[in-house]
Amino acid sequence: MATVPLVEKPPAPAVEPPPANPKKSIRSYWRLYAAISPFYLLFLAFGLIPVGFSLYLSFHRWDGLGSMQYAGLSQYKYLLSDTDFWSSIGNTIIIWALATFPMIFLAMVTAVMLNSAVRFKKIYRFAYFLPNVTSVVAVAIIFGSVFSTNFGLVNALLQAVGLDQVAWLNTPWGIKVAIATLMTWQWTGYNAIIFLAGLQTIPGELYEAARVDGAGPIQTFFRITLPMMRPVLLFVLVISTVTGLQSFSEPQVLLQTTANESTFSGGPDHAGRTMVLYFFQQTFDNNDFGYGAAVAWGIFLVVVIFSIINWRLVQRRGED
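Analysis parameters
Residues numbered from 1 in each chain as written. Predicted model: local features only at pLDDT ≥ 70, side-chain atom pairs only at ≥ 80, totals over all residues. Heavy atoms only, no water. pLDDT = per-residue confidence, 0-100. Helix = DSSP H or I, 4+ residues; strand = E, 2+ residues; numbered from the N terminus. Buried < 20%, exposed > 50% of the residue type's maximum accessible area, 1.4 Å probe, protein only. Bend = angle between axes of the 7 residues up to and from the residue. Phe/Tyr/Trp six-rings, centres within 6.5 Å; stacked < 30°, edge-to-face > 60°. Axes fitted to C-alpha atoms, helices over the stretch in contact; angles between N-to-C directions. Parallel < 35°, antiparallel > 145°, perpendicular 65-115°, else oblique. Contact = heavy atoms within 4.5 Å. Nonpolar A, V, L, I, M, F, W, Y, C, P; charged D, E, K, R; others polar. Left-handed = near helix turned anticlockwise from the far one by under 90°. Salt bridge = Lys/Arg side-chain N within 4 Å of Asp/Glu carboxyl O.

Side note on the confidence of the model for the protein
Thought 1: Of all residues in the protein, 88% attain a pLDDT of 70 or more, and the chain-wide mean is 84.
Thought 2: No element of the protein has a lower mean pLDDT than helix 1 (residues 22-28), at 65, and none a higher one than helix 3 (residues 74-81), at 93.

Structure representation (structure tokens):
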């Protein structure tokens, strides 16, 4: 009996899926968009719109009640020649330097100690992080008492070792040191926790190999820890620059003045008047909202410039 050869069935032609309708796909995910919309609506209402309005306002003169008057670039031209504004920049940079570099050093030392601790690690982390969540106003009031001329703890310690009293809150450099000390105390623990997280990502094999090769603790720190911690150090330095150059509550509360002076004056000789304090003084004391907006954009530019400088310095040292 002859066999009939099998004939393969030809493959079915490929059917292309219908083109997706972008409008339909967006409508199908409307619940997800609705779930995340509150963030964007709030960011638009309290973020983008105020920023855009401040830029628009910086080109006008306005006292907050009357009609706006177009001023063009005149307020920015005056800002460049405003000696008070440049003085506030100088005060801010000095306070930032006095606070940031000791704070980063203390935070790194604290993080290394926490990383090597065996017992009570969680308690130590909580204790060091506590100053960051404490009210700045309350802390500033306490530091005002600590640096008081006649009854302050700092002057009591100076007298105990035979030194003279220092009018911390009445002299230009004393004011800057007091503000910087407050900021250092407030942010050391926060940055120590960040450094600690970075230290825990370094493989332990590197330290074991260094000990086998005869490297001591100092060599290990500078040859292994610091190079591996460069991204974390860059993050801390940039964040400290942004927050330090925008200091407001610390000098404003610490340097409470009499009723005859502005609360944004920055103490005697305006030694503690930072850039943000000067912005508040122009805006709310002088009711010059247009010039205050120009000052705010000047502050933004200064913060950006210093952040870029710090970023470049850390990156260059890492490449070297």
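Here's the deal with helix 13 (residues 275-285)
Thought 1: Looking at helix 13, one finds that the buried residues are M275, V276, L277, Y278, Q281, Q282 and T283.
Thought 2: N287 lies just past helix 13 and shows a positive phi near 55°.

Structural notes on helix 2 (residues 30-57)
Thought 1: In the structure, helix 2 departs most strongly from a straight axis at S37, where the bend amounts to approximately 45° and where the proline P38 lies between one and four residues downstream.
Thought 2: Taken as a whole, helix 2 has its buried residues at G47, S54 and L57.

Section: the packing of aromatic side chains
The geometry of an aromatic ring pair is captured by two quantities: the separation of the ring centres and the angle between the planes.
Thought 1: Counted by the stated rule, this structure contains 23 aromatic pairs.
Thought 2: Ring geometry for F85 against Y278: centres 6.3 Å apart, planes inclined by 45°, an arrangement best described as tilted. Pair noted here: F85 is in helix 4 (residues 83-116) and Y278 is in helix 13, with a separation of 193 residues, a long-range link.
Thought 3: For F85, a relative accessible area of 4% translates into the label buried.
Thought 4: Overall, Y278 belongs to the buried group, its relative accessible area being 2%.
Thought 5: Centre to centre, the rings of F284 and F289 are 6.1 Å apart; their planes meet at 85°, and the pair counts as edge-to-face.
Thought 6: A residue is classified by how much of its surface remains accessible, and F284, at 46% relative accessible area, is partly exposed.
Thought 7: One aromatic cluster is present, built from ring pairs that chain together F53, Y56, W62, F248, F264, F279, F280, F284 and F289.

Structural notes on the packing of helix 3 against helix 4
Thought 1: One can describe the packing of helix 3 onto helix 4 by two numbers: an axis separation of 5 Å at closest approach and a directional angle of 60°. Taken together, helix 3 and helix 4 sit at an angle that is classed as oblique. Note on element contacts: helix 4 touches helix 3 through T83, F85 and W86, opposite L79, L80 and S81.
Thought 2: Partitioning the contact of helix 3 with helix 4 into residue classes produces 4 nonpolar, 2 polar and no charged.

A short note on unusual backbone geometry
Thought 1: A positive phi angle, close to 60°, is found at D269, a residue other than glycine.
Thought 2: Considering the arrangement of structural elements, one finds D269 in the loop between helix 12 (249-254) and helix 13.
Thought 3: The residue H270 is not glycine, and still its phi comes out positive at about 55°.
Thought 4: One can find H270 in the loop between helix 12 and helix 13.
Thought 5: Classification of H270 by relative accessible area gives partly exposed; the value is 32%.

Concerning the packing of helix 6 (residues 136-146) against helix 8 (residues 172-199)
Thought 1: Where helix 6 contacts helix 8, the axes come no closer than 11 Å and their chain directions differ by 135°. For the element pair helix 6 / helix 8, the angle class is oblique. In the crossing of helix 6 with helix 8, the sense of the turn from one axis to the other is right-handed. Here V136, V139, A140 and F143 of helix 6 lie close against helix 8, whose contacting residues are T181, L182, W185 and Q186.
Thought 2: Here the residues of the contact of helix 6 with helix 8 sort into 6 nonpolar, 2 polar and no charged.

Details of the pattern of salt bridges
Oppositely charged side chains may form a pair once their charged atoms are brought near each other.
Thought 1: If you walk through the whole model with that rule in mind, you get 1 salt bridge.
Thought 2: In this structure, D84 and R273 form a salt bridge, with 3.6 Å as the shortest nitrogen-oxygen distance. A residue pair is termed long-range when its members are at least 10 positions apart, and D84 in helix 4 and R273 in the loop between helix 12 and helix 13 qualify at 189 residues.
Thought 3: Under the relative-accessibility criterion, R273 is labelled buried at 4%.

So, the side chain of S240
Thought 1: Locating S240 in the fold gives a position in helix 11 (residues 230-244).
Thought 2: Look past the residues within four positions of S240 in its chain and what remains in contact with it is W96, T100, M103 and N191.

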